[in-house]
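What follows is each chain in one-letter form.
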Amino acid sequence: MFRALTPYLLVAPLIIFIEVFTYVPILSSLNLSVRHWDFLSPTMPFVGLENYETLLSSRDFWNSLKVTTIFAVLSVPLRLALALAVASYLVRETLPSRLLRAAFFLPSVTSAVSIAVVFSWVFSTDYGMVNAALATLGFGKVPWLQDPSLALWVLIFVNTWKQLGYDVVIYIAGLQAVPQELYDAAAVDGGRKLHVFRRVTVPLVMPTTYFLLVISVIEAFQVFTIVNIMTKGGPAGATDMLVNLLYRVGFTLFDIGQGSALAVLLFVFLIVLSLIKSRVIGRKVHYEA
Amino acid sequence: MKRENPFMVGLALVVGLLFLSPVLYSIWISFETAQAYYTGSPEFTLDNYVRAVSEYNFARYLMNSIIVSGLVTLLGITIATMAAFAFARFQFRGGDLLFGATVATLMIPSHISLIPNYLTLAKAGLLDTYAGLILPAVSNGFAAFFLRQYIRGIPKALDEAAYMDGATPMQVLWRVIVPIARPAIFSMGLYIFITEWNNYIWPLIAVGKDDLFTLQIGLARLYRINPGEGLVDWPLVMAASTITILPVLAGFLLVERHLVRGITMGAIK
């Protein structure tokens, strides 16, 4: 009798925590998204889809969606291309390549707050490292984080710098799974390095690329810390990414209904992406080229 | 082992240091006096660290980060290991469903639970407490999944031998499974610890009392309360930033291989 209960007792703590802090919140978000509430008032009247309508007709939402999409479209291919190039240099197990892998990987486990603070300094107009370097080359001061056309690029740079090493490590794992004979065969055929890279390496690491593509898009749509520290969404909304908007609506304007509606929309979008990811990973490689 | 080409090793070091130069330079600045920083004269001091601890609350923030990340790791790895053992070794009604629900949490973006969890903790009176910081971070579906895969690779004959000797399931878990799975448990524990150490958005929402700030919140505040561009006391801020990254940095240098292995395995989930 007690024996039969054992597995349930073993999984109970985990399942209870998952239930309370992950699954129930999805339902509460749905419920809150169709209500009016400001955290304080005693009632939360049902308002149907009004919050969604307000959101979809607000300039802020479309601006955030635009900014976040631009961020994703620019930063993801950049990250992947750089990472694959770096990974193919560092794929061998030698001391220099292990040292470099560690150096590239370090930022991905470092505090995003610290990185954001450090890069706020690096890109600060009057005392920053970048403008100091530009000054020695005879250029004037660039207001990196105050210029709406530059600020998003700075965030893309910082995010790429932080995440690159993770992508590199994953690509190395993917590259090491490619059978060496394929390279040897390509070399025997007199393939030139770049040619072999394009015709052999790139197609063979396609599954890894798909995986990284989807997780980095998902990540791009959830970027918050560097925005919150470096620009607070500014200047003039130029870096007001979706989770930053969610934070502002929910926790500084205390519009719970609209904040929840935004959370639900973002949730649906990211789940669809995740489902694509699990299909891709579940599938085997197609060795065609 | 092949002899390494010293030139390549040197080149790798230079490129690596160049890549990390913003962070390395920020650590350098944290040892400069404010005057040295603005005038460029070489003058070094520990004063910024002293001020971060005495004028600001950084000793307390450091302690809070250690307590919160430590407890999240301890609780998280314990319940994940227990569940992983059940999922790997027991056939039970609903087991597949519960395992599915655990794995599905990997796909659920955390922003969806921010507002509801805030409300739950407010109702329970747990905002501005350690419990409020810790509880929402304890369940880790990835760790449970990862450990379940690992435990499945352990020969079942070992369990059976222990049961023959009259061991209970808890004894089998503790005496047979945990010792063998130690590397995997260690990797996952490290992964949970670092993730929690660097967590920003949840502590930002869940605590408003200075005495409960983690390092991440303390650093963000310190940077922000500085009035504006140019007036920032960079040496002080960089000292606080160094305090924030140093524990993970030191840990990373010690156990880089474990960490990379854990994370690579995670990608092939």
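Everything in this summary refers to the structure shown in the same document. Residues take numbers from 1 onward in each chain, read along the sequence in its written order. Labels follow written order: the first chain is A, the first ligand is 1, and so on. In view of the model being predicted, local features appear only for residues whose pLDDT reaches at least 70, and side-chain atom pairs are presented and counted only at 80 or more, with totals across whole chains, interfaces and linings using the full set of residues. No hydrogens and no water enter the side-chain calculation; it runs on all heavy atoms of the structure.

## Points about the packing of helix H3 (residues 59-89) of chain A against helix H7 (residues 148-176) of chain A
All names here are of chain A.
- Close contact between H3 and H7 brings their axes to 7 Å; oriented N to C, the two are set at 40°. Relative to H7, the element H3 lies oblique. In the packing of H3 onto H7, the handedness of the crossing is right-handed.
- Charged residues are taken to be Asp, Glu, Lys and Arg, nonpolar residues to be Ala, Val, Leu, Ile, Met, Phe, Trp, Tyr, Cys and Pro, and polar residues to be all remaining types, Gly included. Among the residues making up the contact of H3 with H7, the classes are represented as 20 nonpolar, five polar and two charged. Orientation is described by axes fitted as lines to C-alpha atoms, over the contacting stretch for helices, and by angles from 0 to 180 degrees between their N-to-C directions. Working definition: helices are DSSP H or I runs of at least four residues, strands are E runs of at least two. Numbering for both runs from the N terminus. Small angles under 35 degrees read as roughly parallel and large ones over 145 as roughly antiparallel, with 65 to 115 read as roughly perpendicular and the rest as oblique. Less than a right angle of anticlockwise turn of the near helix away from the far helix marks a crossing as left-handed, whereas a clockwise turn marks it as right-handed.

## Thoughts on unusual backbone geometry
Residues and elements named next belong to chain A.
- Each neighbour pair has its own omega, and for Gly234 with Pro235 the value is -10°, a cis peptide bond.
- Tracing the backbone shows Pro235 in the loop between helix H11 (225-230) and helix H12 (242-252).
- If you check the backbone angles, Lys232 has positive phi at about 55° while not being a glycine.
- Whether a residue is buried, partly exposed or exposed follows from its accessible area with a 1.4 Å probe, protein chains only, as a fraction of its type maximum: under 20%, in between, or over 50%, in that order. Using a relative accessible area of 54% as the deciding quantity, one classes Lys232 as exposed.

## Brief notes about the interface of chain A and chain B
- Tallying the contact residues gives 85 residues for chain A and 87 residues for chain B.
- When chain A packs against chain B, close to 7600 Å² is buried across both sides, 79% of that on carbon and sulfur atoms.
- Buried area: the sum, over both parts, of the accessible surface (1.4 Å probe) that disappears when the two are put together. Of all residues in chain A, A:Leu10, A:Phe21 and A:Trp121 give up the largest surface area on contact with chain B, accounting jointly for 10% of the area buried on that side.
- Salt bridges, as used here, are contacts in which a Lys or Arg side-chain nitrogen is within 4 Å of a carboxyl oxygen on Asp or Glu. The tally of links between chain A and chain B comes to zero salt bridges.
- Throughout this description, a polar contact denotes any pair of N or O atoms lying within 3.5 Å of each other; where both atoms belong to protein, one of them has to be capable of donating a hydrogen while the other can accept it, and for residues adjacent in sequence the pair is counted only when both atoms sit in side chains. Taken together, the links from chain A to chain B amount to 14 residue pairs in polar contact (both at pLDDT 80 or more).
- Mapped by element, the contributors of at least two residues to the side of chain A that touches chain B are helix H1 (2-32), helix H4 (95-105), helix H5 (112-122), H7, H11, H12 and helix H13 (256-282) of chain A.
- Sort the elements by how many residues they give to the side of chain A that touches chain B and H1(A) lands first, with 21 residues.
- By residue class, the composition of the side of chain A that touches chain B is 59 nonpolar, 20 polar and six charged. Contacts are assigned to residue pairs that have any heavy atoms within 4.5 Å of one another.

## Quick look at the environment of B:Phe213
Residue and element names in this part refer to chain B.
- Mapped onto the secondary structure, Phe213 falls in the loop between helix H13 (201-206) and helix H14 (215-225).
- By relative accessible area, Phe213 is classed as buried at 2%.
- Excluding residues that lie within four positions of it along the chain, Phe213 makes contacts with Tyr61, Asn64, Val207, Gly208, Gly218 and Arg221.

## Here's the deal with the side chain of A:Thr209
- Within the secondary structure layout, A:Thr209 lies in helix H10 (residues 206-220).
- Residue contacts for A:Thr209: discarding those within four places in its chain leaves A:Leu80 and A:Tyr171.

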